[in-house]
Amino acid sequence: RMAPDVIHLMTPDPAVMAMIRGAHAARIPVLYHELGTPDFLPELTIYYQQLREVLALCDEVAALSPGLARGFSETFADSPAASVLPLMVEPPPPATDSKAASHAVTFGFASRMEYGKGPLSLLEAFAQMRGRVEGVSLRMAGDGPQRAEATAYASVVALNGDCSWVGTYAGAAEKSAFMRSIDVLMLPSLAEGTPNCVIEAMAHGLPIIATSVGGIPETVSPEMAILVPPGDVTAMADAMVELASNPERRAAMGRAARARYDAFFSPRAVLPLVTDRYRRVVGRASDASPQHPWATSGSPSGRRHALG
């Protein structure tokens, strides 16, 4: 009834599948935007099986990075070929105060506490590295089904004095306050698309230690992040020791992170891609190409599907 020019839907759940069918029936063009990864966790399999049934009804499909777009197109070969639309993250609000200089190093986790995000692996790695470096702490933000197990594990290995639980922050100000309270962001996930928390850390000029899964290797660069294999606790602990012991490297990585955020994920970089994609889906493509590092990966390489 609202008669939109295009419907932009993200990540499969039953409501998205219903919206795709409804838009198709109403002859409204659909852009489906995959925010995850084709190497999805087993518990998500049913949703992607249902998505496969409706992808052919979409006018265009997009993923968050060139590699994720290729992977999605290979997994769903009978759907429109995926183009690239990166995440767009707002820059942080101005700092109201400056962080006091300190030799202590704080690592931070900001994600849902569930199996796929690897919070228990992080706690184990922190327990390993804490015996090798003094003056380190860990802040855990978020909640989820593994929160109780994580707090119990921290108690068993006597981390409680050096590990604090922030809970779920609400709004940009609390998120920014958390990011400004840490020195390194940790993300030990087993599967990811392009994680919001990584880009938010980049916007705050933070170095990152993460796993080399999904779209993370394309989201970051070697100048700003250390990537380790998923589930490799020793490699994660070694990376934490390296950054805890090297303030100059942390500072250089933080500068590189902010520069990459500006070029790849800021509104200035991404919004032209989004508006260009909307115009293209409704048949009003612009002659000028957006100037994004991944812009050439955003061109359609597969067939269009007519509605009706």
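The rules behind each value
Every chain is numbered independently, its residues counted from 1 as its sequence is written. At least 70 in pLDDT is required for a residue's local features to be given in this predicted model, at least 80 for side-chain atom pairs to be given and counted, and no such filter applies to totals for whole chains, interfaces and linings, which use all residues. The side-chain numbers reported here are obtained from all heavy atoms of the structure, hydrogens and water having been left aside. To form a nonpolar core, buried Ala, Val, Leu, Ile, Met, Phe, Trp, Tyr and Cys residues must be joined to one another through side-chain atoms within 4.5 Å. Buried means the residue's accessible area, taken with a 1.4 Å probe over protein chains only, is under 20% of the maximum for its type, while exposed means over 50%, and partly exposed covers the values in between. Secondary structure elements follow DSSP: runs of H or I no shorter than four residues count as helices, runs of E no shorter than two count as strands, and numbering proceeds from the N terminus. Any two residues having at least one pair of non-hydrogen atoms within 4.5 Å are treated as being in contact. Note on scores: pLDDT gives the predictor's confidence for each residue, bounded by 0 and 100. Note on geometry: axes are lines fitted to C-alpha atoms, helical ones only across the stretch in contact, with angles between N-to-C directions running from 0 to 180 degrees. Orientation is classified from the angle alone, with under 35 degrees giving roughly parallel, over 145 giving roughly antiparallel, 65 to 115 giving roughly perpendicular, and any other angle giving oblique. Crossing handedness is read from the near helix: turned anticlockwise from the far helix by less than a right angle, it gives a left-handed crossing, and turned clockwise, a right-handed one. A patch consists of residues exposed above 30% relative accessible area that lack any salt bridge, with like charges linked at up to 9 Å and nonpolar side chains (Val, Leu, Ile, Met, Phe, Trp, Tyr) linked at up to 5 Å. Surface accessibility follows the Shrake-Rupley procedure with a 1.4 Å probe radius. Residue values consider only the protein chains on display as shielding. Salt-bridge detection follows one rule: a side-chain nitrogen of Lys or Arg within 4 Å of a carboxyl oxygen of Asp or Glu.

### Re the nonpolar core
Piece 1. If you look at the biggest cluster of nonpolar residues, it comprises 52 residues, and the most contacted ones within it are Ile20, Tyr32, Leu51, Leu185 and Ile208.
Piece 2. Among the elements that take part in this core, helix α7 (residues 196–203) stands out by supplying 6 residues, more than any other.
Piece 3. Ignoring sequence-local partners within four residues, the contact set of Ile208 consists of Val184, Leu185, Val198, Ala201, Met202, Met224, Ala225, Ile226 and Met253.

### What to know about the confidence of the model for the protein
Piece 1. Confidence along the protein averages 89 in pLDDT terms, with 91% of residues attaining 70 or more.
Piece 2. Low pLDDT (under 50) marks residues 298–308, which in the prediction has 29 contacts with non-local residues, meaning those over four places away or in another chain.

### Some words on the packing of α7 against helix α10 (residues 247–264)
Piece 1. Close contact between α7 and α10 brings their axes to 7 Å; oriented N to C, the two are set at 110°. Between α7 and α10, the crossing angle belongs to the class labelled roughly perpendicular. α10 is crossed by α7, and the crossing has left-handed handedness. For the pair formed by α7 and α10, the contact residues are Ile199, Met202 and Ala203 on the first element and Ala257, Arg258, Arg260 and Tyr261 on the second.

### Quick word on a nonpolar patch on the surface
Piece 1. Together, Leu44, Ile46 and Tyr47 make up an exposed nonpolar region whose accessible area comes to about 230 Å².
Piece 2. Residue placement: Tyr47 occurs in helix α2 (residues 45–54).
Piece 3. Given a relative accessible area of 31%, Tyr47 falls into the partly exposed group.

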